Amino acid sequence: AMKFNGYLKVRIGEAVGLQPTRWSLRHSLFRKGYQLLDPYVTVSVDQVRVGQTSTKQKTNKPTYNEEFSATVTDGHQIELSVFHDTPIGYDDFVANCTLHFQDLLRSAGSGDGFEGW
């Protein structure tokens, strides 16, 4: 498999259509807006976290526009994960997505950047 060596820059724009988690539903049944999350996004390269956005309050379509960069050696994949920031215990997993460098490099052609996810 093709590996990536170089400088990675990732901009997290927004997340849309996030679903409430069991935790968020269970802990706010009596409050208005119980469907809403306090989401943040993590950026990992091969299971190593290289960035984390701020937490946005009470929204299922957060906008971040935050940028992270890392030097990558023999990189296989990037994983973006969304978590619900809980007041106690572990934060709640909401969703994730994995992008393989091999696919990115192939789709880039002669360009050296990717946009639009």
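Residues numbered from 1 in each chain as written. Predicted model: local features only at pLDDT ≥ 70, side-chain atom pairs only at ≥ 80, totals over all residues. Heavy atoms only, no water.

Per an unreviewed UniProt entry, the recorded name for the chain is KPCL kinase, and the organism is Piaya cayana.

Undergrad: Looking at this structure, I do not really get the sheet that holds strand 5 (residues 77–84). What am I missing?
TA: Sheets are built from strands that pair by backbone hydrogen bonding, the pairs being arranged parallel or antiparallel. Read from one edge of the open sheet, four strands run 3-2-5-6, paired in antiparallel fashion. Each end of this open sheet is capped by a strand with a single partner; those strands are strand 3 (48–52) and strand 6 (92–100). Averaged over all neighbouring strand pairs, the angle between strand axes comes to 25°, with direction disregarded. (Pairing = 2+ DSSP bridges. Helix = DSSP H or I, 4+ residues; strand = E, 2+ residues; numbered from the N terminus. Axes fitted to C-alpha atoms, helices over the stretch in contact; angles between N-to-C directions.)

Undergrad: What is the right way to read the packing of aromatic side chains from this model?
TA: One pair of aromatic rings is described through two measures. These are the centre distance and the angle between the planes. This model, assessed by the stated rule, comprises three aromatic pairs. Taking 4.8 Å as the distance between ring centres and 15° as the angle between the ring planes, the aromatic pair formed by Phe4 and Phe101 counts as stacked. Pair noted here: Phe4 is in strand 1 (residues 4–14) and Phe101 is in helix 2 (residues 101–108), with a separation of 97 residues, a long-range link. Phe4 gets classed as buried once you look at its relative accessible area, which sits at 16%. Overall, Phe101 belongs to the buried group, its relative accessible area being 3%. By way of ring pairs, the aromatic residues Tyr40, Phe83 and Phe93 are connected into one cluster. (Phe/Tyr/Trp six-rings, centres within 6.5 Å; stacked < 30°, edge-to-face > 60°. Buried < 20%, exposed > 50% of the residue type's maximum accessible area, 1.4 Å probe, protein only.)

Undergrad: Could you clarify how one ought to interpret the confidence of the model for the chain in this entry?
TA: Any region with low pLDDT has predicted coordinates that should not be read closely. Averaged over the chain, the pLDDT score is 87; the fraction of residues at 70 or greater is 85%. Averaged pLDDT values for the elements of the chain fall to 77 in helix 1 (residues 22–26) and rise to 98 in strand 2 (residues 39–45). (pLDDT = per-residue confidence, 0-100.)

Undergrad: Can you walk me through the environment of Gln57 in this structure?
TA: Take Gln57: it is sitting in the loop between strand 3 and strand 4 (63–75). C-alpha separation for the pair Gln57 and His84, spaced 27 residues apart in sequence, amounts to 9.6 Å. Beyond its immediate stretch of four places on either side in the chain, Gln57 contacts Leu37 and Asp38. (Contact = heavy atoms within 4.5 Å.)

Undergrad: Sorry if this is basic, but what is going on with the pattern of salt bridges here?
TA: Side chains that carry opposite charge are capable of pairing whenever their charged atoms lie near each other. Tallying each qualifying case throughout the model produces two salt bridges. Residue Glu67 pairs with Arg11 through a salt bridge whose shortest N-O separation is 3.3 Å. Remark: Arg11 occurs in strand 1 and Glu67 occurs in strand 4; sequence separation between them is 56 residues. Since its relative accessible area comes to 42%, Glu67 is described here as partly exposed. (Salt bridge = Lys/Arg side-chain N within 4 Å of Asp/Glu carboxyl O.)

Undergrad: Please explain unusual backbone geometry as it appears in this structure.
TA: The general pattern is negative phi for most residues beyond glycine and trans for most peptide bonds. One non-glycine residue with positive phi stands out, namely Asp46, at about 50°. Assessed through its relative accessible area of 23%, Asp46 is described here as partly exposed. One non-glycine residue, Asp74, lies in positive phi territory at about 50°. With respect to the helices and strands, Asp74 occurs in strand 4. Residue class for Asp74 comes out partly exposed when judged on its relative accessible area of 39%.

Undergrad: Can you walk me through the environment of Asn65 in this structure?
TA: Its place among the elements puts Asn65 in strand 4. Taking the C-alpha atoms as reference points, Asn65 and Ile12, 53 residues apart in sequence, are found 5.4 Å from one another.

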